[in-house]
Amino acid sequence: MFTSDRSSSRPFDFDWIVVGSGFGGSVAAHRLTQKGYRVGLLECGRRYEDDDFAKSLWNLPRSLWMPRFGLRGTMRISLFKDVAVLSGSGVGGGSLVYSNVLYRPLDEFFDAPQWAGLEDWRTALAPCYDEAERMLGVETYRPEGVADALMRQVAADMGVADTYRKPPVGVFLGEPGVTVEDPYFGGEGPARTGCTQCGACMAGCSHGAKNTLPKNYLWFAERGGARIMPDREVTDIRPLGARADGREGYAVTSQRPGPWPWRRRRVQTARGVVVSTGALGTNKLLQRCRLNGSLAALSSRLGERVRTNSESVLAVTAPDDRFDFSEAISITSSIYPDPYTHVEPVTYGRGADAMSLMFTVLAGSGRRATQPLRLLAALVAHPAAALRQLSPRGWSRRTMLMIVMQAIDSSIRMRPARRLRDGTVMLKTEIEPGRPRPAPIPLAHDVARNLAKKTGGTAQASMLESAVATPVTAHFLGGAVIGADAESGVVDSRQRVFGYENLLICDGSVLPANIGVNPSLTITALAEHAIGHVPPAGAQ
């Protein structure tokens, strides 16, 4: 419930401040403006027009997010002991660089013990999924390409041919390269251009075909009066008033990301705050607020039940140009080698040769202490393949990447490691007692080797997975999960933070279990559910 202390005459800059513009934050901004609230949205990344995206990932200033070094691109890479995390940056958050895929989760997700009994989640979320699919323009991708034919063959080899399917995607699949008036919202949305099958969806769509959040939720949020403020990194959320529980509003401090002389610190106030900076960003921001005393009453469960979709990222590179995997969208099909393992072929298009530097020969999986020896043995056994990795030219065109996800209950913790002089909290990962940590997936390695045999190519894993058995994920989830109370979670079933009024979390950090598929649609649906319970302005 949106509550306030009516005895206070304090003026506020906004009714609600939304922190972050990914799937959850965009839903919050749009729906709150629809309800009649004055909304401000703070996003640490820059705003992108379609032709601003990097055409090649060698263009580091537009590809990588490292603002301290002047790099203000779309891709953020965060390294930890137990996992490496890839995430997006910019107005639109992860939608700028995600794979377009918008699956509903497996049935087991709705029965996860962490939130079972709080609501009938299948029933409660069904209309939210419907609305999320409508807003994101979901349709099934039908064309068959080189990667799809190979995936069909692998599925048949493994006896699971019936699991092959085409993905639901958020892409305008109109006439390629032809721009038309808004095809989704009765002419109220932006003009769109048909997908050209260039494969660069995750580098940033330069054609206007990808249904990123600036083309739907954020489009309508701004036209409804929301004020979007890019280049603003939030560093503190502090309740106003003596009770410090949020009912008298919040002061939100932000700064420009980058070297300290150019940070231009700013404080803005609001009656309520929605935190939506992605699972990693939300864990980092809330740990900072807890340690500096701003949000001292946060649940001790903050940072627990962190998950990665039990994910692994592999690659197979063909030896020559007989195989061109780039003429497609980012993900075009999937298979299930077993009921809990989901494999998707991936392309970054022709401009992603720089990614070859992140991969090396597949070394199998083992213990972290012995993994370097496994890699050394693999390099000695396959010297030609190792040498080919040193020449990245054409790698992206000839390479089928693979995202492999599992709906199994592995998790870790995120804890503060240290605080820098400016108050920034550096996080570390820890093993969660009684739960397996994310690890390489042997079944995924089998799929990669099968594909390598069919193409005459080289099976590869990320440098981190091959060298130290640390997986890479683009689906970092949890850490502020839904629970029955503050002893079991950080937010309730409506994503309200325990211990505070008018403070919500709407991003992947609230997810109570591994989904086993791409999580963007579920994050969107949960945000629709949460904001749907906020009463219209004037009704509180």
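Each remark here, short or long, concerns the structure printed above.
Residues numbered from 1 in each chain as written. Predicted model: local features only at pLDDT ≥ 70, side-chain atom pairs only at ≥ 80, totals over all residues. Heavy atoms only, no water.

Caption draft 1: Looking closely at the overall build of the chain. On a plain count of helices and strands, the chain comes out with 13 helices and 26 strands. Relative to the compact-globule value of 24 Å for 540 residues, the chain shows a C-alpha radius of gyration of 23 Å, a close match. For the chain, the C-alpha atoms occupy an extent of roughly 75 × 55 × 50 Å along the three principal directions. The buried share among the 540 residues of the chain stands at 60%. For the chain, the accessible surface area stands at approximately 20,500 Å², while carbon and sulfur atoms represent 53% of it. The centroid of the 63 positive side-chain charges in the chain is displaced by 7 Å from the centroid of its 53 negative side-chain charges. (Helix = DSSP H or I, 4+ residues; strand = E, 2+ residues; numbered from the N terminus. Rg over C-alpha atoms; globule rule 2.2 N^0.38 Å. Buried < 20%, exposed > 50% of the residue type's maximum accessible area, 1.4 Å probe, protein only. Areas by Shrake-Rupley, 256 points an atom, 1.4 Å probe, with all protein chains shown as cover. Lys, Arg positive; Asp, Glu negative; His and termini not counted. Charge placed at Lys NZ, Arg CZ, Asp CG, Glu CD.)

Caption draft 2: Looking closely at helix α7 (residues 278–291). If you check α7, its first and last C-alpha atoms are 20 Å apart, about what 14 residues at 1.5 Å a residue would give, namely 20 Å. Residues A279, L280, T282, N283, L285, L286, Q287, R288 and C289 constitute the buried set of α7. Phi turns positive, to about 90°, at G293, one or two residues after α7. (Expected span 1.5 Å × (residues − 1).)

Caption draft 3: Broad picture of the sheet that holds strand β20 (residues 399–406). Here 6 strands make up an open sheet; going across it, the order is β17-β18-β20-β16-β23-β19 and the pairing antiparallel. Taken across any chain shown, the strands that pair with only one partner, and hence form the sheet edges, are β17 (335–338) and β19 (359–361). When strand polarity is set aside, the average angle formed by the axes of neighbouring strands in this sheet is 35°. Of the strand pairs in this sheet, β17 and strand β18 (residues 341–346) are connected by 2 bridges, and their pairing is antiparallel. Pairing of D338 across the sheet is with T341, part of β18. The strands touched by helix α11 (residues 442–455) within the sheet are β16 (312–317), β17, β18, β20 and β23 (458–462), with β16 carrying the most contacts at an inclination of about 10°. (Pairing = 2+ DSSP bridges. Axes fitted to C-alpha atoms, helices over the stretch in contact; angles between N-to-C directions. Contact = heavy atoms within 4.5 Å.)

Caption draft 4: Region of interest: the environment of T455. Relative to the assigned elements, T455 resides in helix α11. Relative accessible area serves as the criterion here: at 5%, T455 is assigned to the buried category. Expressed as a C-alpha distance, the spacing of T455 and L373, which sit 82 residues apart in the sequence, is 27 Å. Filtering out sequence-adjacent residues up to four positions away, T455 remains in contact with L150, V316, A318, P319, R322 and F323. Only 3.0 Å separates the side chain of T455 from the backbone oxygen of L451, close enough to count as a polar contact. (Polar contact = N/O pair within 3.5 Å; in protein donor to acceptor, adjacent residues only side chain to side chain.)

Caption draft 5: Structural context of the packing of aromatic side chains. The final tally for this structure, using the stated rule, is 12 aromatic pairs. Each ring, one from W16 and one from Y37, has its centre 6.3 Å from the other, and the planes form 80°; the classification is edge-to-face. Of this pair, W16 sits in strand β1 (residues 14–19) while Y37 is found in the loop between α1 (23–34) and β2 (39–42), placing the two residues 21 residues apart along the sequence. Grouping residues by exposure puts W16 and Y37 together as buried. Taking 6.1 Å as the distance between ring centres and 15° as the angle between the ring planes, the aromatic pair formed by F323 and F325 counts as stacked. Residue classification places F323 among the buried positions, given a relative accessible area of 16%. The buried category is assigned to F325, whose relative accessible area is 7%. Among the aromatic residues, those joined into a cluster by ring pairs are F109, F110, W115, W121 and Y129. Its guanidinium or amino end placed over the ring of W219, R223 lies 3.3 Å from that ring's centre, counting from NZ or CZ. (Phe/Tyr/Trp six-rings, centres within 6.5 Å; stacked < 30°, edge-to-face > 60°. Lys NZ or Arg CZ within 6 Å of the ring centre and 35° of its normal.)

Caption draft 6: Looking closely at the environment of L96. Residue position: L96 is located in the loop between β6 (84–88) and α3 (107–110). For L96, a relative accessible area of 3% puts it in the buried group. Spatially, the C-alpha atoms of L96 and L213 are 7.8 Å apart, while their sequence positions differ by 117 residues.

Caption draft 7: The sheet that holds β6, seen in detail. With mixed pairing, the 3 strands of this open sheet are ordered in space as β5-β6-β24. With one partner strand each, in any of the chains shown, β5 (75–79) and β24 (472–473) form the two edges of the open sheet. As paired strands, β5 and β6 are joined by 5 bridges and run antiparallel to one another. Bridged to S78 within β6 is V85.

Caption draft 8: The arrangement of the state of the cysteines in detail. Counted according to the given criterion, the structure contains 0 disulfides. Free of any disulfide, C195 has its nearest cysteine sulfur in C201, 5.9 Å distant. Take C506: it sits in no disulfide, and the sulfur closest to it among the cysteines is that of C128, at 11 Å. For C506, a relative accessible area of 1% corresponds to the buried category. (Disulfide = S-S within 2.5 Å.)

Caption draft 9: Fine view of the packing of α1 against helix α13 (residues 520–532). Two elements in contact, α1 and α13, have axes separated by 8 Å at closest approach and are oriented at 30°. Once α1 is placed against α13, the crossing between them reads as right-handed. Where α1 abuts α13, its residues F23, G24, V27, A28, R31 and L32 lie against S520, I523, T524, A527, E528 and I531. (Left-handed = near helix turned anticlockwise from the far one by under 90°.)

Caption draft 10: Inspection of unusual backbone geometry at higher detail. In this structure, D231 takes a positive phi of about 60° despite not being glycine. Position of D231 among the secondary structure elements: in the loop between β11 (227–229) and β12 (233–239). Phi at R264 is positive, roughly 50°, even though this residue is not glycine. Looking at the secondary structure, you find R264 in the loop between β13 (250–255) and β14 (266–275). Given the relative accessible area of 59%, R264 is considered exposed.

Caption draft 11: Highlighting the pattern of salt bridges. With the rule as written, the count across this model stands at 31 salt bridges. Among the ionic pairs, D157 bridges to K454, the shortest N-O distance being 2.6 Å. Taken together, the residues D157 in helix α5 (residues 146–157) and K454 in helix α11 connect sequence positions 297 residues apart. On the accessibility criterion, D157 (48% relative accessible area) is partly exposed. (Salt bridge = Lys/Arg side-chain N within 4 Å of Asp/Glu carboxyl O.)

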